[in-house]
Amino acid sequence: MASLKSPPTEPRLPTLTFALLALALMVLVVAGFLREERREWRSYQESFRDLEIARGTTVEERRQARERPIELAQIVVPELDTVDRCISCHLGVDDATYAGAGQPFAYHPDHDVHPFERFGCTVCHAGQGRATSAREAHGDVPFWDRPMLPLDFVEASCGGCHDPSDNPAAPRLARGAELFEEAGCRGCHRLDGWGGGLAPDLDRQINGRPRSPEWLMQHFLDPAQVVPDSAMPRYGFSPDDAKALTLLMLSRRRPEVSGYHASRRILESAETGRRLFRAKGCIGCHQISGAGGEVGPPLDHVVTRRTEGWLVAHFREPRAVTPGTVMPDFDFTEAEAHSLILFLRRIHERTITVLDEPSPERRGEILFKRYGCRGCHGVDATGGVPNRNSESGEQVPSLIYVKEGYTRAELKDRIRIGVPKVGKLEPDGPEPPLAMPGFGDRLTEGQLDDLVSYLHSLYPAEDELDW
Amino acid sequence: MNPFRRFWQTVYRSVFRVGIPKTNLGRAQAMVSSFLLHLHPAKVRRDSLRPTRTFGLGLITLYLFIILVVSGVLLMFHYVPSVERAYDSVRDLSFVVTAGVLLRNCHRWAAHLMVVAIVLHMARVFLMGAYKAPRQFNWGVGVGLFLLTLFLSFTGYLLPWDQLAFWAITVGTSIAAYAPGVGELTRFSLLGGNIVGQASLLRFYVLHVVVLPAAAILMIAVHLYRIRKDGGLAHPDEDQPTVEEGEAPPPQKSYGLMALTESSTPYVGRDPGKEVFAWPHLLIREVLLFVGTFSVVLLLAIFFDAPLEELANPIHPPNPAKAPWYFLALQELVAHSAFLGGVIIPGALVLALILLPYLDRRRVGIGRWFARERWLANGTFLLVLLALAILTVIATFFRGPNWDWVWPWAAGG
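Residues numbered from 1 in each chain as written. Chains lettered and ligands numbered in written order. Predicted model: local features only at pLDDT ≥ 70, side-chain atom pairs only at ≥ 80, totals over all residues. Heavy atoms only, no water.

### Observations regarding the overall build of chain B
For step 1, the next point in the chain: Counting its secondary structure elements, chain B contains 14 helices and two strands.
For step 2, the next point in the chain: Seen through its C-alpha atoms, chain B measures out along the principal axes to roughly 80 × 65 × 40 Å.
For step 3, the next point in the chain: Residue burial in chain B is summarised as follows: out of 413 residues, 49% are buried.
For step 4, the next point in the chain: Once local pairs closer than 6 in sequence are excluded, the contacts in chain B between residues at least 24 apart make up 76%.
For step 5, the next point in the chain: Of the roughly 20600 Å² that chain B leaves accessible, carbon and sulfur atoms contribute 71%. (Helix = DSSP H or I, 4+ residues; strand = E, 2+ residues; numbered from the N terminus. Buried < 20%, exposed > 50% of the residue type's maximum accessible area, 1.4 Å probe, protein only. Contact = heavy atoms within 4.5 Å. Areas by Shrake-Rupley, 256 points an atom, 1.4 Å probe, with all protein chains shown as cover.)

### A closer look at a nonpolar patch on the surface
Residue and element names in this part refer to chain B.
For step 1, the next point in the chain: A surface patch of nonpolar side chains, amounting to about 760 Å² of accessible area, comprises Phe 137, Leu 218, Val 222, Leu 351, Ile 354, Leu 355, Tyr 358 and Leu 359.
For step 2, the next point in the chain: Contributing elements (two or more residues each) for the nonpolar patch: helix H10 (198–229) and helix H13 (338–359).
For step 3, the next point in the chain: Among the elements that take part in the nonpolar patch, H13 stands out by supplying five residues, more than any other.
For step 4, the next point in the chain: Position of Leu 218 among the secondary structure elements: in helix H10. (Patch = residues over 30% accessible without salt bridge, like charges linked within 9 Å, V, L, I, M, F, W, Y side chains within 5 Å. Salt bridge = Lys/Arg side-chain N within 4 Å of Asp/Glu carboxyl O.)

### Looking at helix H7 (residues 136–158) of chain B
For step 1, the next point in the chain: The end-to-end C-alpha distance of H7(B), which contains 23 residues, comes to 35 Å, matching closely the 33 Å that a straight helix rising 1.5 Å per residue would cover.
For step 2, the next point in the chain: Judged by how many residues are buried, H7(B) sits mostly within the fold: 18 of 23 residues are covered. (Expected span 1.5 Å × (residues − 1).)

### Considerations on the packing of helix H12 (residues 328–336) of chain B against helix H14 (residues 375–397) of chain B
Residues and elements named next belong to chain B.
For step 1, the next point in the chain: Running from amino to carboxyl end, H12 crosses H14 at an angle of 80 degrees, the nearest separation of the two axes being 8 Å. One finds that H12 runs roughly perpendicular with respect to H14. In contact with Leu 328, Ala 329, Glu 332 and Leu 333 of H12, H14 contributes Leu 388, Leu 391, Thr 392, Ile 394, Ala 395 and Thr 396.
For step 2, the next point in the chain: The residue inventory of the contact of H12 with H14, partitioned by class, reads seven nonpolar, two polar and one charged. (Axes fitted to C-alpha atoms, helices over the stretch in contact; angles between N-to-C directions. Parallel < 35°, antiparallel > 145°, perpendicular 65-115°, else oblique. Nonpolar A, V, L, I, M, F, W, Y, C, P; charged D, E, K, R; others polar.)

### Observations regarding unusual backbone geometry
For step 1, the next point in the chain: Cis geometry marks the peptide bond from A:Gln103 to A:Pro104; its omega dihedral reads 10 degrees.
For step 2, the next point in the chain: Residue B:Asn319 is joined to B:Pro320 through a cis peptide bond whose omega torsion reads 0 degrees.
For step 3, the next point in the chain: One can find B:Pro320 in the loop between helix H11 (278–303) and H12.
For step 4, the next point in the chain: The backbone of A:Ala126 sits at a positive phi, close to 60 degrees, despite the residue not being glycine.
For step 5, the next point in the chain: Here A:Ala126 lies in the loop between helix H5 (122–125) and helix H6 (134–138).
For step 6, the next point in the chain: Here A:Ala126 falls in the buried class, since its relative accessible area comes to 6%.
For step 7, the next point in the chain: Its identity as a non-glycine residue notwithstanding, A:Asn389 has a phi of 65 degrees, on the positive side.
For step 8, the next point in the chain: By relative accessible area, A:Asn389 is classed as buried at 4%.

### Brief notes about the interface of chain A and chain B
For step 1, the next point in the chain: On the chain B side, the residues contacting the 38 residues of chain A number 43 residues.
For step 2, the next point in the chain: Taken together, both faces of the contact between chain A and chain B bury some 3700 Å²; the carbon and sulfur share is 62%.
For step 3, the next point in the chain: Among the residues chain A hides against chain B, the three largest losses belong to A:Leu28, A:Arg35 and A:Phe143. Together they make up 17% of the total.
For step 4, the next point in the chain: There are three salt bridges connecting chain A and chain B.
For step 5, the next point in the chain: Counting across the interface, chain A meets chain B through eight residue pairs in polar contact (both at pLDDT 80 or more).
For step 6, the next point in the chain: Across the side of chain A that touches chain B, the residue classes tally to 17 nonpolar, nine polar and twelve charged. (Buried area = accessible area lost by both parts, 1.4 Å probe. Polar contact = N/O pair within 3.5 Å; in protein donor to acceptor, adjacent residues only side chain to side chain.)

### Focus: the nonpolar core
A general trend in soluble globular proteins is that nonpolar side chains are found buried together.
For step 1, the next point in the chain: Counting 78 residues, the largest nonpolar core has B:Trp139, B:Trp161, B:Ile169 and B:Phe204 as the members making the most contacts within it.
For step 2, the next point in the chain: Other than its neighbours up to four places away in sequence, B:Trp139 contacts B:Met122, B:Val125, B:Phe126, B:Tyr131, B:Leu353, B:Ile354, B:Leu356 and B:Pro357. (Core = buried A, V, L, I, M, F, W, Y, C linked by side-chain atoms within 4.5 Å.)

### Considerations on the pattern of salt bridges
Residues and elements named next belong to chain A.
For step 1, the next point in the chain: As enumerated under the stated definition, the model contains 33 salt bridges over all chains in all.
For step 2, the next point in the chain: Among the salt bridges present, the one from Glu 67 reaches Arg 63, with a minimum N-O distance of 2.9 Å.
For step 3, the next point in the chain: Through salt bridges that share partners, Arg 408, Lys 412, Asp 413, Arg 416, Glu 445 and Asp 449 make up one connected network.

### Description of the packing of helix H2 (residues 40–55) of chain A against helix H3 (residues 59–66) of chain A
Residues and elements named next belong to chain A.
For step 1, the next point in the chain: Closest axis-to-axis distance for the H2/H3 pair is 8 Å, and the angle between their directions is 175 degrees. Taken together, the axis directions place H2 and H3 in an arrangement best described as roughly antiparallel. Across the interface between the two elements, Arg 49, Glu 52, Ile 53 and Arg 55 from H2 touch Glu 61, Arg 62, Ala 65 and Arg 66 from H3.
For step 2, the next point in the chain: Class assignment for the residues of the contact of H2 with H3 results in two nonpolar, no polar and six charged.

### Regarding the domain arrangement of chain A
For step 1, the next point in the chain: Taken domain by domain, chain A comprises domain 1 (73–148), domain 2 (153–259), domain 3 (274–349) and domain 4 (360–460).
For step 2, the next point in the chain: Measuring from the centre of the C-alpha atoms in domain 1 of chain A to the corresponding centre in domain 2 of chain A gives 25 Å. (Domains from an automatic or database assignment.)

Take a look at the structure:
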């Protein structure tokens, strides 16, 4: 063998450095995989398996429990665009024998209303369904803006799919929706695409930086607590009402819904029936309480004349039960047909009417709230919002006595045109910051009449006037 | 010899023609007869092996690129370039893919490191005056690789489709729009529209995984080839050749085999003492450097998770929206003057880099760190580098909402 003829000056090889670095790399590779190996969900599955083995009463049961595979589980709901891996750890959700067991293995009651094989978990509970560790899945982590809703607020999620007014299972949410209109939130805030522009756009807010339930509660109770320079007055909501409004806000973080789930969004209720009855123009041909067209028969007591089956068939496909009828096919779904029947039952019982007929004063009051007049003229129209250096005592004037100073026509003009320039208290002083905008472009003649009726109704009765 | 062993020998020899070399001839042949090794010279200058000569920066950059290609291909098995699924597929890397986070972390940190390494490599070459003839063209190729690296990083930045990605790319591409004439068109064709959307994601994806890596691989091949053809690493002898008594004159090209091995020339056994065989002296150092580079990337990947913010939300911009850090100096310049900072200065810098070797033709200070004769060139270069570093630091830590000045310690939360 030829000997290696190296010059005596041959440099030394860095073998030691090499060995050390190679060792370090090996340690790092092992460390990298160890970091991956222990997934949290594995340990939950292992303890569940141990629990199952302990609960097994026969040899066979225990054998089956022991063979229980340790594997990730998930519910994929393409129509909701969710992948929920919650059941990888919450292993007792569909097993009634785990009722009362502690988390994470507790049984989920009311399984049949929204079977979670079909709906997943996060559509109601929120949280990060794809995550496989408790902290990340429950979603209280940075960069996840839909953390799990506290149980008391889960009702909000009903609103993601169902109209709250149709949904007897979400009474507090329905109250929130009602309150939103009643309290005139829409006067200043935009929601679902319409509303005033004085205050933050709630659609934007909810889709951009959603707030936590705690923040929202605080906001409704006392806005200044969470937004120090908020211009929003304290409306004096009760805690229950604040919660109702909070639920409404949370309900707008709706997931996209399509297909089967969208078709199931109609809940069977008399309210839904009434809405359909009005929207489809049934009154054009059918009479109720003597009002309506005469092409079809009156419907006051139709539920006593026809069976439920006949009515459903009639709504689903009129010609199938009455060949040659002129009634058009409205393509009602099963749920819609049932809703119409529920509505007609209540008509028969005389516990519901087709239209609400509020008084002009009541309509005016609703407008007063809806257009946010209360933001400046006060919750009871008694004024009091500061307006520095304005001639009306440095505050937005009270409206209680407008009946004295204005005729109906004058008052309508004033609302139509507004007060673009408020008179100054001190002529040399600063311009008062608040001026009344004109509402002529937004209110119809009839609505102006209603508003004036409301304002005139504010005038105290004779015996309350103490001059 | 039993038949099995003989068969094995045949196979082995057909793959490794030389085997483990035991003679100097074998050492030289090992290098020239292997496809993977033949880009190396058979012998290298002994002083080129000293760590302080190059700090192995070029090779580190290459290794980072290789790590990026491998980890990138693995990531491609999981990633879906659609706005509906991109973010979820990246999230799932950490939730369900074995070693998925590690993979993404490796890719992320290797990318950042590569930007750093390539800048340092350029600085090394500059400060040694190694861009001078005959290496002018290779310096230009290097500048091209530098720009490609930035663009590769930038296109990769969008792919996770989170807030960070979305707004950094929105900002980055609007810088491109400042170029006169072609700016708007560049931005439009890059994004496939006027705003960052599905078309942009797909374009960035294709650029990131096919077009730019292919271009980079081609240019790297040219770059390495030219290193060999241009005579290996620059060394001080290039401006003052010294030949010691009794030694063979240094070869013009480092791969001149005749000058190295045993033969019948008068210089047998007296080859330049300045050189040693690449096998094993160069090779072991190269492998060592790879082990070191990979270790550092793994270390970072194990201890620091690559950021992933909320899903991209086009109606909710963060304030301020910042470009990726390697473009922050540019963003800071643009904040002062869109045209001057966004077009003139960066354009002039790139042009100056490419033209530099053709303008600075004095054959002095080649292959030496901070040669005194080159104080003006080196000083200017360091000043520009320092200025860019300061701008980057300002933009990173001292810029708050609306790009207003903030003190990082006063920002609070």
